[in-house]
Amino acid sequence: MIFEKIYENFKELKEGNKKLIKEGLIDKDEALELFKIDKWRDYLKLFDIASRVRDYFKKEIEITSTIHITNICKVNPKCLYCGFAAGTSKEGYYKPFRLSDEEIKKSAIAIEESGIKRVSCSSAHGYEGKEILRALKIVKENTNLEVLVNAGADLTEKSIKELKKYGIDTICCNLETINENLFKKVKPGEELEDRIRVCKLVNKYDIELSSGLLIGIGESYEDRVEHLFYLKNELNVGEIPIMGFNPYKGTPMENHPKCSALEQAKTIAITRLLFPNIRITSPTPTIGSELVQFALLGGASNVATVIPRNHPINIKGVGNPKTGNLEDVVKMIVDLGLKPKLDWKKYEEYLEKYGNKMIVKL
């Protein structure tokens, strides 16, 4: 019965009931009911309706690449799962680094030359936003890339105003979980309220906010539902990343089980039904770069941490070191009958130079 109601709500939405875009196609109780499904028939129904909703609003699947500015992080103690900060995992960015202006410039130009149109620039904590502001200026001066920046709670009102001044497109500050006890357990050096403060400042200055969930870290389905409805009722989000826990060796959580791709796809699908028209993102390292199709089946509209062969910096994923290769991700998208959002002329030139000469024609 729940799926019949969802399809009926979707039909109403298409017929002009714009209220359903804001309210979503399901309520709190229905979201929790969907989280508890465990039969393959129900999964197929869920993925079918979520994909239809995504396709109605999103005609192309976005692809976002990455530039990591510095891993020298001043959070202490470190987050228990982190393989990004210096000294946390030998699989990750174990040695400290800080990219030069020239390295940022070369990376951004290479990403644009591959045909990708969007990049995420992220920084460790301790710079009050100055490092991502430095990156934003360089990327905007040298490319036409759309830019997301992510420094977590390490932003001030002044730095957010500066980011807006220099043309920022999206600021990401992931709450990860709004279960305060769990947040404090896995992120002992941070405070949830600091991340909420940053999210509200981003809203205050009318910049697109990206704020997502880290799932599989010990939260309940009720926690996920509360988190999604917090985003709906308390914040104005334009993007929600759904990140499944994927352990880094050498970290305190290295033996904590990986979140399955199916569980991530289910969470993405429920998020899509609650937020029909926004960007829902799946970073390749958190789902597993070879399993991106699960996210797309669930209604994701953006695949992140996608690295072209000409990227001059060795990129490690946040969540897991393995990132998504551009050609592989494009093929996965096309194999599902979806259209990647690319500059196709540049992508064909990139393939001629760096790829396998197999140019996808839509």
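Since we're looking at a predicted model, the values are computed, not measured.

Would you explain the overall build of the protein chain in this entry?
For the protein chain, the count of helices and strands is 15 helices and 11 strands. Here the C-alpha atoms of the protein chain give a radius of gyration of 19 Å, agreeing with the 21 Å that 2.2 N^0.38 yields for 362 residues. For the protein chain, the C-alpha atoms occupy an extent of roughly 55 × 50 × 40 Å along the three principal directions. When burial is assessed residue by residue, the protein chain has 59% of its 362 residues classed as buried. Of all intrachain contacts in the protein chain linking residues separated by at least 6 positions in sequence, the fraction that spans at least 24 positions is 75%. Summed over all atoms, the accessible surface of the protein chain reaches about 15,600 Å², with 49% contributed by carbon and sulfur. Both charge centroids of the protein chain, one from 57 positive and one from 53 negative side chains, sit 3 Å from each other.

Quick question: what am I supposed to make of the environment of F294 here?
Relative to the elements of secondary structure, F294 occurs in helix α13 (residues 292–297). Every residue in contact with F294, bar those within four places of it in the chain, is listed here: A261, L262, A265 and I287.

For this particular structure, what's the right way to read the packing of helix α1 (residues 2–14) against helix α3 (residues 28–35)?
Here α1 crosses α3 at 125°, and the two axes come no closer than 11 Å. In this view, α1 runs oblique relative to α3, as classed from their interaxial angle. Like other packed secondary-structure pairs, α1 and α3 cross with a definite hand, here left-handed. Together, I2, F3, K5 and I6 of α1 and E30, E33 and L34 of α3 make up the contact between the two elements. Classifying every residue of the contact of α1 with α3 by side-chain character gives 4 nonpolar, no polar and 3 charged.

Can you walk me through helix α7 (residues 157–165) in this structure?
For an α-helix, 3.6 residues make a turn, and residues three or four places apart therefore share a direction. Among the residues of α7, those classed as buried are S159, I160 and L163. The arc that holds every buried residue of α7, seen down its axis, measures 100°, which confines them to one face. For α7, the exposed residues lying more than 90 degrees away from the buried face are K158 and K165. Where α7 is buried, its residues contact α6 (130–142), β3 (146–150), β4 (170–172) and α9 (192–204). One or two residues past the end of α7 sits G167, with phi positive at roughly 85°.

Just to check I follow, could you spell out the confidence of the model for the protein chain for this structure?
Predicted coordinates in areas of low pLDDT are best not read in detail. With 98% of its residues at a pLDDT of at least 70, the protein chain reaches an overall mean of 96. The low-confidence segment residues 357–362 (pLDDT under 50) makes 14 contacts with residues lying over four places distant or belonging to another chain.

Just checking my understanding: could you explain the pairing of strand β1 (residues 62–70) for this structure?
When a strand is regular, its side chains alternate between the sheet's two faces. By the criterion of burial, β1 is predominantly enclosed, with 9 of the 9 residues buried. Taken together, the 3 bridges between β1 and strand β9 (residues 302–304) define a ladder with parallel strand orientation. The residue of β9 that forms the bridge with I63 is V303. As paired strands, β1 and strand β2 (residues 118–123) are joined by 6 bridges and run parallel to one another. Its bridge partner being in β2, S65 is matched across the sheet by V119.

Each value, and the rule that gives it
Residues numbered from 1 in each chain as written. Predicted model: local features only at pLDDT ≥ 70, side-chain atom pairs only at ≥ 80, totals over all residues. Heavy atoms only, no water. Helix = DSSP H or I, 4+ residues; strand = E, 2+ residues; numbered from the N terminus. Rg over C-alpha atoms; globule rule 2.2 N^0.38 Å. Buried < 20%, exposed > 50% of the residue type's maximum accessible area, 1.4 Å probe, protein only. Contact = heavy atoms within 4.5 Å. Areas by Shrake-Rupley, 256 points an atom, 1.4 Å probe, with all protein chains shown as cover. Lys, Arg positive; Asp, Glu negative; His and termini not counted. Charge placed at Lys NZ, Arg CZ, Asp CG, Glu CD. Axes fitted to C-alpha atoms, helices over the stretch in contact; angles between N-to-C directions. Parallel < 35°, antiparallel > 145°, perpendicular 65-115°, else oblique. Left-handed = near helix turned anticlockwise from the far one by under 90°. Nonpolar A, V, L, I, M, F, W, Y, C, P; charged D, E, K, R; others polar. Arc of directions from axis to C-beta. pLDDT = per-residue confidence, 0-100. Pairing = 2+ DSSP bridges.

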